[in-house]
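Residue strings, one per chain:
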Amino acid sequence: MSYKTIHVKPLTRHIGAEISGIDLSIPLSAEQVAELRRALLDHLVIFFRRQPINLDQHLALGRYFGTLHVHPNSPGPDGYPEVLPIHTDANSRRIAGDRWHSDVSCDEAPPLGSILHLHTVPPVGGDTLFSSAYAVYESLSPGLRGYLEGLTATHDGGPNYRERNRLKGIDDTGKVYPKASHPVVRTHPESGRKGVFVNPAFTTHLDNVSKAESDAILNLLFDRFAVPDYQVRFTWDRDSIAFWDNRSCQHLAVWDYFPEVRSGYRVTINGDKPYLRT
Ligand code: SIN
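Here goes a summary of the coordinates provided. These numbers come from a predicted model, not from an experiment.

A look at the environment of R38
Phase 1 of the analysis: As for its placement among the helices and strands, R38 is situated in helix α1 (residues 30-43).
Phase 2 of the analysis: Taking the C-alpha atoms as reference, R38 lies 9.7 Å from S191; in sequence the two are 153 residues apart.
Phase 3 of the analysis: The residues contacting R38, other than those within four sequence positions of it, are M1, S2 and Y3.

This is the structure we're talking about:
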C-alpha cells in the first residue's frame, strides 16, 4: 500500500526507512499519524532529517502514539519528567545504549517505542545500529523456535542501572529497579508477527533452566542480533530523529567519537505487557 501524506524510502529489506515530506514541529493530521504508524510497523525504525523540534513539540509528537513513559533511573529536565536526556561528552565514562537492547525491557509493560532527537552530533561517528527481532526469530530453525516459545526470561534493571550510577558517583543504595519476566518470543500486538525478545542489557537469565543452558541459549540469541544482514545503521546529522519500535527491534549506540559531544533528548511511549500467541 502506498502513502499519501509522507514519502517512505526503505533502507534495507528487513529494517529501516527514511521519511520525508513531513514537518514534525507542527500539529499532524490523523492521516499523517496513521501513515507514520504504518511506516513504523512496516520498517521497525523510521528516520527523519532536518527536524529542529523543541521539547514541547517532541512531547506532542510522542503523544500521537500513546501515553509517555517516565524513565526509572534518569530524571528528565525540570518540568519535563517524560524527557530522557541522551548526552555524551569528554567526561562520560559510558554512553546510553552501548549494548544491544530494547528500551527498559525490565518494565512489566515495556515501552512501545522511542523517539530520539539529536541537536548536537560529533563531526564524524556516533551512529546507531538497529536490528530486527523478526529477522532474528525467522533465522532460527523450527525446532529451536518451538523450544524458545515455551520459555520466559527475567529482565532486571538493577545490574544495568546500578553500574551506570556507580560510574557517575551516584549512590542508589536501597533503590528498587523494575524487574519482570517476559516470553522469549513475543507476538507483536499490532503486526501479529513473532520476534525474539531478550537482550544483553536487561535479560539476566532464562527462567526454570540451568545457568549453563540459559547462558548458552541467550548468547546464541544475542549473537543473532549482531548479524549485519538483519540491521540498519543510521548516521545522524544535527536535528535528525529516529523513531523505533521496541517491540520489534533492538538498538545499539556506537561510541567512536570520544571526546566529542553528542547530545539530544528521547521521548518514550508506553507499551503493553508482552505475550506470545502460538
Ligand atoms: C538509546 O538507547 O536510547 C540511545 C540510542 C542512541 O543514543 O543512539
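After presenting the structure, the write-up continues.
Concerning the packing of aromatic side chains
Each pair of aromatic rings is reported with the distance of its centres and the angle of its planes.
Phase 1 of the analysis: Tallying each qualifying case throughout the model produces eight aromatic pairs.
Phase 2 of the analysis: Ring centres of F234 and W236 lie 5.0 Å apart, and the angle between their planes is 75°; this geometry places the pair in the edge-to-face category.
Phase 3 of the analysis: Accessibility expressed as a relative area gives 2% for F234, which makes it buried.
Phase 4 of the analysis: These aromatic residues form a ring-pair network of at least three members: F47, F130, F234, W236 and W244.
Phase 5 of the analysis: The residue whose ring lies beneath R145 is Y137, and the NZ or CZ to ring-centre distance is 5.0 Å.
Phase 6 of the analysis: In this structure, R186 packs its charged tip against the face of F197, placed 4.6 Å from the ring centre.

Notes on the site of the ligand
Phase 1 of the analysis: Lining the immediate environment of the ligand, one finds I86, G97, H101, D103, L116, T128, W244, H251, A253, R262 and R266.
Phase 2 of the analysis: At 3.0 Å, a side-chain N or O of H251 approaches an oxygen atom of the ligand.
Phase 3 of the analysis: About the coverage of the ligand: the protein hides 99% of its 260 Å² of free accessible area.
Phase 4 of the analysis: Taken together, the elements giving at least two residues each to the shell around the ligand come down to β14 (249-253) and β15 (262-269).
Phase 5 of the analysis: Across the shell around the ligand, the residue classes break down as four nonpolar, four polar and three charged.

Cut-offs and rules
Counting starts from 1 at the beginning of each chain's written sequence and moves along it residue by residue. Only residues with pLDDT of at least 70 get local features here, since the model is predicted, and only at 80 or more are side-chain atom pairs given and counted; chain-wide, interface and lining totals rely on the full set of residues. The side-chain values count all of the structure's non-hydrogen atoms but skip hydrogen atoms and water molecules. Elements are defined by DSSP. Helices are runs of H or I of four residues or more, strands are runs of E of two residues or more, and each kind is numbered from the N terminus. Working rule for contacts: check all heavy atoms of both residues, and any pair within 4.5 Å makes them a contact. Here a Phe, Tyr or Trp ring, Trp counted by its six-membered ring, pairs with any other such ring whose centre lies within 6.5 Å, and the pair is stacked when the planes are under 30 degrees apart, edge-to-face when over 60, and tilted otherwise. Only protein chains enter the area calculation, which uses a 1.4 Å probe; residues under 20% of their type maximum are buried, those over 50% are exposed, and those in between are partly exposed. Charges are assigned to positions over rings by a cutoff of 6 Å between ring centre and Lys NZ or Arg CZ, combined with an angular limit of 35 degrees from the ring normal. Any residue with a non-hydrogen atom lying within 4 Å of a molecule or strand is treated as near it. Identification of polar contacts relies on pairs of N or O atoms within 3.5 Å, with a donor-acceptor requirement for protein atoms, meaning one able to donate a hydrogen and the other able to accept it, and with residues adjacent in sequence counted only if both atoms are side-chain atoms. For the accessible areas, the method is Shrake-Rupley and the probe is 1.4 Å, while residue cover comes only from the protein chains on display. Gly is placed with the polar residues, together with every amino acid not listed as nonpolar (Ala, Val, Leu, Ile, Met, Phe, Trp, Tyr, Cys and Pro) or charged (Asp, Glu, Lys and Arg).

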